[in-house]
Amino acid sequence: MPVVDPPPAPGRHLRVHGVVQGVGFRPWVARLARSLDLRGRVWNDGDGVQARATGSDAALDAFEAALKTPPMPGAEVRDLRSDAAALGADEIADGFRIVELPQPSVGARPTLSLAPDRAMCPACRAEIDDPADPRADYAFTSCTDCGPRYTVTAALPYARRRTSLEAFPLCPRCAAEYADADDRRFHAETTACPDCGPRLWLRGPDGGTIEGAGLAEAADALRAGKVVAIKGLGGFHLACRADDEAVVAALRARKRRPGKPLAVMAPSVEAAAALIDLTATAAALLTDDAAPIVIAPRRDGAAVAPSVAPGADELGVFLPYTPLHHVLLRAFGGPLVMTSGNLSEAPIEIDGDAAVERLRGVADLFVDHDRAIVARCEDSVVRVTGGEPVILRRARGYVPLAIRLPVPTPVPLLAVGGHLANTLCVALGDQAWLGPHLGDLEDADAVAAFEAHVGHLTGLLGVAPEVVVHDLHPDYASTRFARSLGETGVRTIAVQHHHAHIAATLADRGHPGPALGLAFDGTGYGDDGAAWGGEILRADLRGYRRLATFRPLRLAGGARAIREVWRIGLAALHDAFDGEPGEAHALLDAAPDRIEAVTGLLARDVACTPAHGLGRWFDAAAALLLGVGHTTYSGEAAMALETAARRARPGALLPFALGEGDLLEIDLRRAVRAMARRRLDGEPADALAAAFQQVVVRATAAAVRALDAELPVALGGGCFVNAALRAGLRAELGSERAVLTPIAAPVNDGAIALGQAAVAAARLALEDC
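Starting from 1, residues in each chain are numbered consecutively following that chain's sequence as written. Only residues with pLDDT of 70 or above have their local features reported here, since the model is predicted, and side-chain atom pairs are shown and tallied only from 80 upward, although totals for entire chains, interfaces and linings are computed over all residues. Side-chain descriptors were evaluated using all non-hydrogen atoms of the structure, hydrogens and water having been removed beforehand.

As for the overall build of the protein chain
1) Next: Secondary structure assignment for the protein chain yields 23 helices and 29 strands.
2) Next: Just to be clear, the radius of gyration here is over C-alpha atoms, and the globule rule we use is 2.2 Å times residues to the power 0.38. Its C-alpha radius of gyration of 28 Å places the protein chain within 12% of the 27 Å reference for a compact globule of 769 residues.
3) Next: Principal-axis analysis of the C-alpha atoms gives the protein chain an extent of 110 × 65 × 50 Å.
4) Next: Among the 769 residues that make up the protein chain, the fraction classed as buried is 59%.
5) Next: For the protein chain, the proportion of contacts with a sequence separation of at least 24, taken over those separated by at least 6, is 74%.
6) Next: Separation between the mean location of the 78 positive side-chain charges and that of the 95 negative ones in the protein chain comes to 1 Å. Secondary structure elements follow DSSP: runs of H or I of four or more residues count as helices, runs of E of two or more count as strands, with numbering from the N terminus. Buried, partly exposed and exposed residues are distinguished by accessible area as a fraction of the type maximum, computed with a 1.4 Å probe on protein chains only: under 20%, between the cut-offs, and over 50%, respectively. Contacts: residue pairs with any heavy atoms within 4.5 Å of one another. In this charge count, Lys and Arg are treated as positive and Asp and Glu as negative; neither His nor the chain ends contribute. For this purpose, a charge sits on NZ of Lys, CZ of Arg, CG of Asp or CD of Glu.

Structural notes on the packing of aromatic side chains
1) Next: Pairing of aromatic side chains requires ring centres within 6.5 Å, counting the rings of Phe and Tyr and the six-membered ring of Trp. Pairs whose planes differ by under 30 degrees are stacked, by over 60 edge-to-face, and all others tilted. Here the structure, examined in full by the defined rule, presents 9 aromatic pairs.
2) Next: Judged by centre distance (5.1 Å) and plane angle (85°), the ring pair of phenylalanine 450 and phenylalanine 481 falls under edge-to-face. Remark: phenylalanine 481 occurs in helix 13 (residues 477–486) and phenylalanine 450 occurs in helix 12 (residues 444–461); sequence separation between them is 31 residues. Residues phenylalanine 450 and phenylalanine 481 agree in their burial class; the two are buried.
3) Next: Taken together through their ring pairs, the aromatic side chains of Phe520, Phe550 and Phe720 make up a single cluster.
4) Next: In this scheme, the term charge over a ring applies when either NZ of a lysine or CZ of an arginine sits within 6 Å of the ring centre and within 35 degrees of the ring normal. We note arginine 41 situated over the ring of tryptophan 43; from NZ or CZ to the ring centre the distance is 5.4 Å.

A short note on the pattern of salt bridges
1) Next: Definition used for salt bridges: Asp or Glu carboxyl oxygen within 4 Å of a side-chain nitrogen of Lys or Arg. Per the stated rule, a full pass over the model turns up 51 salt bridges.
2) Next: Here arginine 546 ties to aspartate 528 by a salt bridge, and the two come within 3.9 Å at their closest N and O atoms. Taken together, the residues arginine 546 in strand 23 (residues 544–550) and aspartate 528 in the loop between strand 21 (515–525) and strand 22 (531–539) connect sequence positions 18 residues apart.
3) Next: A residue is classified by how much of its surface remains accessible, and arginine 546, at 17% relative accessible area, is buried.
4) Next: Linking aspartate 619 and arginine 616 is a salt bridge whose minimum nitrogen-to-oxygen distance equals 2.9 Å.

What about helix 23 (residues 752–768)?
1) Next: In this analysis, the expected span of each helix is defined as 1.5 Å times one less than the number of residues it contains. The first and last C-alpha atoms of helix 23 sit 24 Å apart over 17 residues, in line with the 24 Å expected at 1.5 Å per residue.
2) Next: Of all 17 residues in helix 23, 13 are buried, a share of seventy percent or more.

Remarks on unusual backbone geometry
1) Next: At the junction of valine 399 and proline 400, the peptide bond is cis and its omega measures out at 15° in the coordinates.
2) Next: Following the sequence through the fold, proline 400 ends up in the loop between strand 16 (388–393) and strand 17 (402–415).
3) Next: For the peptide bond that leads from glycine 513 to proline 514, omega is 5°, which places it in the cis range.
4) Next: Looking at the element boundaries, proline 514 is found in the loop between helix 14 (497–508) and strand 21.
5) Next: In this structure, histidine 187 is a non-glycine residue whose phi angle is positive, near 55°.

Here's the deal with the sheet that holds strand 11 (residues 293–297)
1) Next: Across the sheet, which stays open at both edges, the 11 strands sit in the order 7-6-14-8-9-13-10-12-11-15-16 with mixed pairing between neighbours. In this open sheet, the two edge strands, each paired with only one partner strand, are strand 7 (209–210) and strand 16.
2) Next: As defined by bridge partners, strand 15 (residues 381–385) adjoins strand 16 across 5 bridges and the pair is classed as antiparallel. The residue bridging arginine 383 from the neighbouring strand is valine 390, located in strand 16.
3) Next: Fitted lines through C-alpha atoms give the axes, limited to the stretch in contact for helices. The angle between two N-to-C directions lies from 0 to 180 degrees. In the packing of helix 6 (residues 215–223) onto the sheet, contacts are made with strand 6 (200–203), strand 8 (228–231), strand 9 (236–241), strand 13 (336–340) and strand 14 (365–369), and the angle to strand 9 comes to roughly 50°.
4) Next: Helix 10 (residues 323–332) contacts strand 6, strand 8, strand 9, strand 10 (264–265), strand 13 and strand 14 of the sheet and is inclined by roughly 150° relative to strand 13. Two strands are counted as paired when DSSP detects at least two bridges linking them.

Overview of the environment of threonine 741
1) Next: Structurally, threonine 741 can be placed in the loop between strand 29 (739–740) and helix 23.
2) Next: Classification of threonine 741 by relative accessible area gives buried; the value is 5%.
3) Next: Spatially, the C-alpha atoms of threonine 741 and arginine 726 are 8.6 Å apart, while their sequence positions differ by 15 residues.
4) Next: Apart from the residues lying within four places of it in its own chain, the contact partners of threonine 741 are Glu388, Thr505, Asp508, Arg509, Leu715, Arg726 and Arg730.
5) Next: Here a polar contact is taken to be a pair of N or O atoms separated by no more than 3.5 Å, where protein atoms must pair a possible hydrogen donor with a possible acceptor and residues adjacent in sequence count only if both atoms sit in side chains. Within polar-contact distance, the side chain of threonine 741 engages the side chain of arginine 730 at 2.7 Å.

Overview of helix 17 (residues 592–604)
1) Next: Over its 13 residues, helix 17 extends 18 Å from the first C-alpha to the last, a length consistent with the 18 Å expected when each residue adds 1.5 Å.
2) Next: Within helix 17, burial applies to Ile595, Val598, Gly600, Leu601 and Leu602.

With respect to the sheet that holds strand 19 (residues 467–471)
1) Next: Here we have 4 strands laid out as an open sheet, ordered 18-17-19-20, and mixed in their pairing. Bordering the open sheet on either side are strand 18 (425–434) and strand 20 (491–495), each of which pairs with just one other strand. Neighbour to neighbour, the strand axes of the sheet diverge by 60° on average, direction disregarded.
2) Next: Two strands pair when backbone bridges link them, and strand 19 and strand 20 are joined in this way by 5 bridges, in the parallel orientation. Note on strand 20: the bridge partner recorded for aspartate 471 is valine 495.

Structural notes on the packing of helix 16 (residues 566–576) against helix 20 (residues 669–680)
1) Next: Between helix 16 and helix 20, the least distance of the axes is 9 Å, while the angle of their chain directions is 105°. The orientation of helix 16 with respect to helix 20, classified from their angle, is roughly perpendicular. Here Ala572, Leu573, Asp575 and Ala576 of helix 16 lie close against helix 20, whose contacting residues are Arg669, Val672, Arg673 and Ala676.
2) Next: Think of it as three bins: nonpolar holds Ala, Val, Leu, Ile, Met, Phe, Trp, Tyr, Cys and Pro, charged holds Asp, Glu, Lys and Arg, and polar takes everything else, Gly as well. A class-by-class count of the residues in the contact of helix 16 with helix 20 yields 5 nonpolar, no polar and 3 charged. Should an angle fall under 35 degrees it is taken as roughly parallel, and over 145 as roughly antiparallel, whereas 65 to 115 is taken as roughly perpendicular and any remaining angle as oblique.

A few points about the nonpolar core
1) Next: In terms of nonpolar packing, the biggest core is built from 118 residues, with Leu518, Leu614, Leu668, Met675, Phe692, Val696 and Leu725 touching the most fellow members.
2) Next: Considering every element that reaches this core, the biggest residue donor is helix 21 (residues 685–707), with 13 residues.
3) Next: Residues within four places of methionine 675 in sequence aside, it is in contact with Ala621, Leu624, Leu625, Leu654, Leu688 and Phe692.
4) Next: Ala302, Leu319, Val362 and Ala363 belong to the second-largest nonpolar core, a separate cluster that totals 40 residues. Residues belong to a common nonpolar core when they are buried Ala, Val, Leu, Ile, Met, Phe, Trp, Tyr or Cys residues joined through side-chain atoms within 4.5 Å.

A look at the side chain of threonine 505
1) Next: Along the polypeptide, threonine 505 turns up in helix 14.
2) Next: Overall, threonine 505 belongs to the buried group, its relative accessible area being 2%.
3) Next: Not counting residues up to four positions away in its chain, the partners in contact with threonine 505 are Ala714, Leu715, Gly716, Leu740, Thr741 and Pro742.

Observations regarding the side chain of threonine 339
1) Next: Locating threonine 339 in the fold gives a position in strand 13.
2) Next: Beyond its immediate chain neighbours, meaning those up to four positions away, threonine 339 contacts Phe236, His237, Leu238, Leu251, Lys255, Arg257 and Leu262.

Given below as structure tokens:
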């Protein structure tokens, strides 16, 4: 008699969207289904995870309800769709199992369900620390709860064969763990062990392999005062002992990073608590799966060299987030400087041979390994002030988590960000994926790294953007890139820099506007071609109107003044005292002949670019009060001013004025006059620094009240890294109206691409109506 196939079994087809790949979601789904006596299968797809299951109605109801709230860290279900389905015999013959489809399902909507890289979990740490465990001291130990994700993944759906682990076939023991539904490595795509996984080795200064040497020998070299380059998760670090001034100074000189603070990796939470004020917020951030660098107040007597963070009362500290770092720090026995493995302002190195070539003369030794880094990704940085975390650099541990747009984009778009602290953003529908911090696009290497990130992020999503969004500035490398795509027929949209800042905050907080946007930074290209940066805008996601600005300071000598900030201090004096500042010149750290020459430029208004940026006012105050003459990195003078202000209570209030007219001018000339006179009379600089921050808050709040009595206020721009400015405006305005600051995105230029995407999405949606 002919064999009759059994009739299809009634069941459900479930489609899950969110962060559901690389978090152990499928293994959990399989275990859950088996516990409910369901049959079927689950798989990763291009748009998330899909499952088909059959069983009793009660079991299917329980299954569907549980899928909405997965228990594993890092997972997030944003949408679950359930449809009736009929399961064939081949789908249920083997109970409930995990499968991999050769191609994404037809009709899958592009999305990025991949989890970020996740810090080493306690279970893996215990294996590494157990001398009897097969993975003792193994630098590439991971499981479904931890390990590399974004940085090793070349394509989706997430599977080992689409990661750089493809080069390492599983040994029998790892394969057994991978297949065991009760093992925490059940379908863990980055599973590896010393028998089958990646390996590391130590290289000398010329790149040659040092036979038989590894992390123990690297730790010995660090103890001896050597600088060691270490290939980590998303790139190389440069490491040295943190307690030796001569060693740290040597690293700075070699790396060409004279003043910018360096991060310190502490071997444990207890060791971190000896370095920084470890509040509950700071401790939670340190031990979070994202494991960012946490900037917090430095403890008195912290055992780090002064050159780690010159002149600062804060310190950036993080914990070993990979097994490699854990084994190294355990062997070394104390904190290490752990800074980006690059020359100053260059992209972080990700390839061993390239690192040897470019960091020769910087590093004495190189820890290299054979697990390829697919996507460059720096360490994230979060500052804790007033119990509040503020993201300064969003990268490892946060990327590629999506941020929901208040207005969905009708077409795929790419936003290419600004020039400094660049990030890029891809948006589809109501989801925006903000890429990792790339740094400043100052040279060809940086631009090449930027273009590689464009290819990686759009490749993961499998989309070709139909619209590219860029800054108004015509000379930004990101703008030139966008326009080159425009020449191929892709539509381009330009978004003003400060509108993008405010739109990023609105998007981050799910607010469509309107709001009064306080866009405070160093500089950005205005729609009139001028240098903006102290702007109050009435803005929504589609557009804005400029309502107020800070009185401009003239940059004598152009961009040179941004590094030689005494020039900005002199410009502030010249303006405040109507060209006759008299003895106030003595406050500046500059030779008399140079002061005379620049005074001539100001008097004749030659080579003097007016700049409205609030950051330039902070530069001027630091030059006048603290004698800051030159800076070596962006924000250095403002950081010095904030640090000084924390040491004192404000002195008597400084005066200010508000101008009149269609564009309200916030005028600080009276504050400069009073500040200079009081400083010359001997008032402490720290108290005046606090008073200057206070007058900026008071003047801004007065301008806001003069412009609108009800609209919420949205803060955006690098000046809001300043805790006193942020907290002061909340205190002044928070009882009257909502004060919005970003939570998931950075407050500085790292959010520009998100703002560009949000603006373009809103404009395109209006066109699509």
